[in-house]
Amino acid sequence: MNLLLTLAVGLLLQLQPTDDVPKGYQGTFAITNARIETVANGTIERGTVVIRGDRIEAVGPDVAVPAGAEVIDGTGMTVYPGMIDSGTHLGLAEIGAVDETNDYREVGDLNPQMEALTAVNPNSVLIPVTRVSGVTTVIAEPSGGLFPGVAALINLVGYTPEQMHAGGVRLMVLEFPTTGRRGFFDRRSDEEIEKAAEKALKKLNDIWDRAVLYAKIDSAYHAAKNPPRKPEHVPEMEALLPVVRGEMPLMIKVNREKDILNAIEWVKERGLKNVVFSEVAEGWRVADKLAEAGIPCLVGPVLSIPTRDSDRYDKAYANAGLMQQAGVKVALRTGEAENVRNLPFNAGFAAAYGMGREEALRAVTLNAAEIFGIAGDYGSIEPGKKANLFVADGDPFEPKTQVHHVFIDGFRIPMTNRQIELYREFLHRDEGRLQPVEVRPASN
């Protein structure tokens, strides 16, 4: 029902009167005379990027412009790979205060069969707001309960969720039982919190044991020449099959130091290899343990406050850098919907508080692509890769920088959105008026 209402809102917004609806389009493009930060192979101070269809065809200082190509003069500007946000509700949430427009949470603890991709609203007003900042690709993830469903990587262009699905990336989400409080409103005693955590962990173990048993029965049934009876179909267990077999990554959302250590032990005891941790707010406290376990982490939001009153004010800013310096492969996430556009500033704070600019740029491009297993297509500017990139007049982590062009899946994206339209509408309020209205001083 939530999906239908969200689609209806999107359609209504599309039906608002407008003179012209700019649309993205594919073709052959040449971005010339630009500085190119490839991320994978250093920086080309003055070169050309050729895009044909959905791919980057050529990159280099001496690349010829193809006949008939649409030329974009990149003088004074820099080309960057499109940024990837490794954890959001974008496309699943529209207006936080209106429940009917939010579709990322189901009832109950066990919903691994729920696919976030099916709930993505391609007409979300928030998508154009996000992509003009250079963010081209995001993880859309469900939340709530132990197993809230399957997250998906999406490009921010397309008319259907299937068109938006990037690289076929899907991850099963597990909200690891926490020993912490849910917030300032949580008045439970320490003993009550400990008991609740133990109960949740027992429930998780019971579910996992059932999933392992289901996988054994399923394997035995398919291996038998004359199986006696088809096993009962259990959607929840069927959804967990590829995770148990290591065919689908398990994204474990975990934050507190004690919970991270418990999660590392839980993963080790079950022999899981295809695992990634997400959020990891206190990862810096156990960075050496995470590095030793070889578990990559999707860290963030960076623009946050410390988890404990006794911590320095900047621990959330420094968290990703401290983990990266300890040897953990790190990608960044905002955990946002309407403010995914702030991913560059999350990366900027991580860079300024220890991570360094080069590593921060990798954390929102190539590192994310490598963690999701799609580095052959995404994350850097190289011939043959998907044409996901943007052109800016400065460092994308600086607020003063303007993004001038964005390409996603080879589509040249219109550089407008609802907020830009409102800005233009109200910037010159006397436009068209014969006699401007006097603006009186504030004292009146």
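As the structure is a computational prediction, the values presented were derived from the model and not from experiment. (Residues numbered from 1 in each chain as written. Predicted model: local features only at pLDDT ≥ 70, side-chain atom pairs only at ≥ 80, totals over all residues. Heavy atoms only, no water.)

Thoughts on the packing of helix H9 (residues 315-325) against helix H10 (residues 343-355)
The relative placement of two packed helices is expressed as an angle between their axes plus a distance between the axes.
Okay, so step 1: Between H9 and H10, the least distance of the axes is 7 Å, while the angle of their chain directions is 60 degrees. Classed by the angle they form, the pair H9 and H10 counts as oblique. When you trace H9 past H10, the crossing you get is right-handed. Side by side, H9 and H10 meet where Tyr317, Ala318, Ala320, Gly321, Gln324 and Gln325 of the first sit next to Phe349, Ala350, Tyr353, Gly354 and Met355 of the second.
Okay, so step 2: In terms of residue class, the contact of H9 with H10 is built from 7 nonpolar, 4 polar and no charged. (Axes fitted to C-alpha atoms, helices over the stretch in contact; angles between N-to-C directions. Helix = DSSP H or I, 4+ residues; strand = E, 2+ residues; numbered from the N terminus. Parallel < 35°, antiparallel > 145°, perpendicular 65-115°, else oblique. Left-handed = near helix turned anticlockwise from the far one by under 90°. Contact = heavy atoms within 4.5 Å. Nonpolar A, V, L, I, M, F, W, Y, C, P; charged D, E, K, R; others polar.)

Overview of the pattern of salt bridges
Okay, so step 1: One pass over the full model with this rule turns up 32 salt bridges.
Okay, so step 2: Where Asp314 meets Arg312, a salt bridge forms, and the shortest distance between an N and an O atom there is 3.0 Å.
Okay, so step 3: Judged by its relative accessible area of 10%, Asp314 is buried.
Okay, so step 4: Linked by salt bridges that have partners in common, Arg35, Glu37, Glu45, Arg357 and Asp395 make up one network. (Salt bridge = Lys/Arg side-chain N within 4 Å of Asp/Glu carboxyl O. Buried < 20%, exposed > 50% of the residue type's maximum accessible area, 1.4 Å probe, protein only.)

A word on the nonpolar core
Okay, so step 1: Residues Phe147, Leu250, Ile252, Trp266, Phe277, Leu290 and Leu332 are the most contacted members of the largest nonpolar core, which totals 81 residues.
Okay, so step 2: If you tally residues by element for this core, the top one is helix H5 (residues 190-223), at 6 residues.
Okay, so step 3: In terms of nonpolar packing, the next biggest core, distinct from the first, is built from 18 residues, Val173, Val276, Ile374 and Tyr378 among them. (Core = buried A, V, L, I, M, F, W, Y, C linked by side-chain atoms within 4.5 Å.)

A closer look at unusual backbone geometry
With glycine set apart, most residues show a phi of negative sign, and most peptide bonds adopt trans.
Okay, so step 1: Going from Gly300 to Pro301, the amide bond is cis rather than trans, its omega being 10 degrees.
Okay, so step 2: Following the sequence through the fold, Pro301 ends up in the loop between strand S12 (297-299) and H9.
Okay, so step 3: Phi at Val280 is positive, roughly 55 degrees, even though this residue is not glycine.
Okay, so step 4: Along the chain, the position of Val280 falls in the loop between strand S11 (275-279) and helix H8 (287-293).
Okay, so step 5: By relative accessible area, Val280 is classed as buried at 0%.

What about the packing of aromatic side chains?
Okay, so step 1: Under the definition given, this model contains 8 aromatic pairs.
Okay, so step 2: With 5.7 Å between their ring centres and 50 degrees between their planes, Tyr25 and Phe29 make a pair best called tilted.
Okay, so step 3: A relative accessible area of 1% places Phe29 in the buried class.
Okay, so step 4: Their ring planes at 10 degrees and their centres at 6.1 Å tell us that Phe349 and Tyr353 sit as a pair that is stacked. Here Phe349 pairs with Tyr353, and both are found in helix H10, just 4 residues apart, close to one helical turn.
Okay, so step 5: The class of Phe349 is partly exposed, set by a relative accessible area of 34%.
Okay, so step 6: Taken together through their ring pairs, the aromatic side chains of Tyr25, Phe29 and Phe407 make up a single cluster.
Okay, so step 7: Lying over the aromatic face of Trp284, Lys315 brings its terminal NZ or CZ to 4.4 Å of the ring centre. (Phe/Tyr/Trp six-rings, centres within 6.5 Å; stacked < 30°, edge-to-face > 60°. Lys NZ or Arg CZ within 6 Å of the ring centre and 35° of its normal.)

Considering the packing of H5 against helix H6 (residues 235-244)
Okay, so step 1: Relative to each other, H5 and H6 sit at 85 degrees, their axes nearing to 9 Å. Comparing the axis directions of H5 and H6 gives the class roughly perpendicular. Listed contacts from H6 to Ile207, Trp208, Arg210, Ala211, Val212, Tyr214, Ala215 and Asp218 of H5 are Met237, Glu238, Leu240, Leu241, Val243 and Val244.
Okay, so step 2: Taken together, the residues that form the contact of H5 with H6 break down as 11 nonpolar, no polar and 3 charged.

Some words on the pairing of strand S9 (residues 165-175)
Okay, so step 1: Across 5 bridges, strand S8 (residues 149-155) lies against S9 in antiparallel orientation. If you follow Ile154 over to S9, its bridge partner there is His165.
Okay, so step 2: In this structure, S9 lies alongside strand S10 (residues 250-254), joined through 4 bridges in parallel fashion. If you follow Val173 over to S10, its bridge partner there is Met251. (Pairing = 2+ DSSP bridges.)

With respect to the environment of Glu194
Okay, so step 1: Considering the arrangement of structural elements, one finds Glu194 in helix H5.
Okay, so step 2: Considered as a pair, Glu194 and Gly180 are 14 residues apart in the sequence and their alpha carbons are 8.5 Å apart.

Thoughts on the confidence of the model for the protein chain
Okay, so step 1: Of all residues in the protein chain, 95% have pLDDT values of 70 or greater, and the mean over the chain is 93.
Okay, so step 2: In the model, residues 11-17 has pLDDT below 50 throughout and makes 2 contacts with residues more than four positions away in sequence or in other chains. (pLDDT = per-residue confidence, 0-100.)

Some details on the environment of Asn205
Okay, so step 1: Its location among the elements puts Asn205 in helix H5.
Okay, so step 2: For the pair Asn205 and Trp266, spaced 61 residues apart in sequence, the C-alpha to C-alpha distance is 9.2 Å.
Okay, so step 3: Apart from the residues within four sequence positions on either side, Asn205 is in contact with Trp266 and Arg270.
Okay, so step 4: At 2.8 Å, the side chain of Asn205 and the side chain of Trp266 are in polar contact. (Polar contact = N/O pair within 3.5 Å; in protein donor to acceptor, adjacent residues only side chain to side chain.)

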